[in-house]
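# Descriptive structure summary
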Amino acid sequence: METKTGWNGWRIARWTAGALLLLTPLAMMQVSSEWNWGAGSFVFAGVLIGGVLLLYDRAALASPSVAYRGGVTVALAVSFLLLWVNVAVGIVGSEDNPVNLSFFMLVLIAAIGAFSADFRPAGMARAMLGTAGVQMLLALIIGTAPSTQRDPAGIVGLAILSAFFAALWLTSAALFRHAAKTGEVRAD
């Protein structure tokens with residue numbers, strides 16, 4: 001279990017991994033001309049990685065429940081992946097496709113649900129379940145977009161990727177539900 005005030009081995013490992021993840025593009029820029037990160041890219045990645053780590057640290061202090069922490073970890077991981085894939089790669093078509101912006105809505109929905117649930121496990125489970133439902137609904141809607149038809153991965157690729165993300169949201173929901181059933185609630 002993590003201490004309330006200090007840095008333990010796991011916390012140091014998390015922050016070190018985040019720093020190494022952020023330094024990877026810098027190292028790759030030295031060996032390959034295909035890596036072209038500007039200052040804005042590093043700032044974005046730093047805020048995204050640092051934000052995820054700070055949110056996890058807050059959750060680790062708030063609850064001793066392994067299931068609750070697991071739910072937070074999965075929810076933060078899927079949020080990170082959605083944002084990263086949309087900004088760095090683009091889920092549908094090119095990076096400039098406005099359809100990609102709709103996937104940011106999923107992270108916003110999860111965050112609003114978490115705040116509305118006051119970060120309590122049962123409410124968090126419902127919020128993540130709802131986010132998974134919106135993920136699949138969004139996939140159905142985007143599947144009809146002309147840009148999806150032109151994309152090499154097409155509707156099948158979109159469906160597989162959306163099902164993967166929905167499965168992660170559902171995993172988070174299941175972990176929060178388990179935390180709620182065991183009665184280990186967060187400390188205020």
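Right above here is the structure, for reference.
### Brief notes about the nonpolar core
- Core analysis: the largest hydrophobic core is formed by 34 residues, its most contacted members being Tyr 68, Val 72, Leu 82, Phe 103, Met 128, Trp 169 and Phe 176.
- Mapped by element, the contributors of at least two residues to this core are α2 (39-62), α3 (66-89), α4 (101-116), α5 (121-142) and α7 (154-182).
- For this core, the leading source of residues is α3, giving 9 residues.
- In this structure, Trp 169 is in contact with Ala 75, Val 78, Ser 79, Leu 82, Leu 106, Ala 110, Met 128, Thr 131, Ala 132 and Gln 135, ignoring residues within four places of it in sequence.

### Section: the pattern of salt bridges
- According to the stated counting rule, one finds 3 salt bridges in the structure shown.
- In this structure, Asp 57 engages Arg 11 in a salt bridge whose closest nitrogen and oxygen atoms are separated by 3.1 Å. Separated by 46 residues along the polypeptide, Asp 57 in helix α2 and Arg 11 in helix α1 (residues 9-31) bring together distant segments of the chain.
- Look at the salt bridges and you will find they share partners, linking Arg 11, Arg 14 and Asp 57 into a network.

### Focus: the packing of α5 against α7
- The contact between α5 and α7 brings their axes to 7 Å, and the two run at 170 degrees. Taken together, the axes of α5 and α7 lie roughly antiparallel to each other.
- Per-class residue counts for the contact of α5 with α7 are 20 nonpolar, 4 polar and 1 charged.

### Notes on the packing of aromatic side chains
- Following the criterion strictly, the structure yields 6 aromatic pairs and no others.
- Aromatic pair Trp 37 and Trp 84: ring centres 5.9 Å apart, planes at 40 degrees, arrangement tilted. Linking Trp 37 in the loop between α1 and α2 with Trp 84 in helix α3, this pair joins segments that are 47 residues apart in sequence.
- The exposure class of Trp 84 is partly exposed, given its relative accessible area of 25%.
- Both rings, one in Tyr 68 and one in Phe 176, keep their centres 5.3 Å apart while their planes meet at 70 degrees; by these two values the pair is edge-to-face. Taken together, the positions of Tyr 68 in helix α3 and Phe 176 in helix α7 put the pair 108 residues apart, joining distant regions of the chain. The same class applies to Tyr 68 and to Phe 176, which are both buried.
- Pairwise contacts between aromatic rings join Trp 37, Phe 42, Phe 80 and Trp 84 into one cluster.

Criteria and thresholds
- Residues numbered from 1 in each chain as written.
- Predicted model: local features only at pLDDT ≥ 70, side-chain atom pairs only at ≥ 80, totals over all residues.
- Heavy atoms only, no water.
- Core = buried A, V, L, I, M, F, W, Y, C linked by side-chain atoms within 4.5 Å.
- Buried < 20%, exposed > 50% of the residue type's maximum accessible area, 1.4 Å probe, protein only.
- Helix = DSSP H or I, 4+ residues; strand = E, 2+ residues; numbered from the N terminus.
- Contact = heavy atoms within 4.5 Å.
- Salt bridge = Lys/Arg side-chain N within 4 Å of Asp/Glu carboxyl O.
- Axes fitted to C-alpha atoms, helices over the stretch in contact; angles between N-to-C directions.
- Parallel < 35°, antiparallel > 145°, perpendicular 65-115°, else oblique.
- Nonpolar A, V, L, I, M, F, W, Y, C, P; charged D, E, K, R; others polar.
- Phe/Tyr/Trp six-rings, centres within 6.5 Å; stacked < 30°, edge-to-face > 60°.

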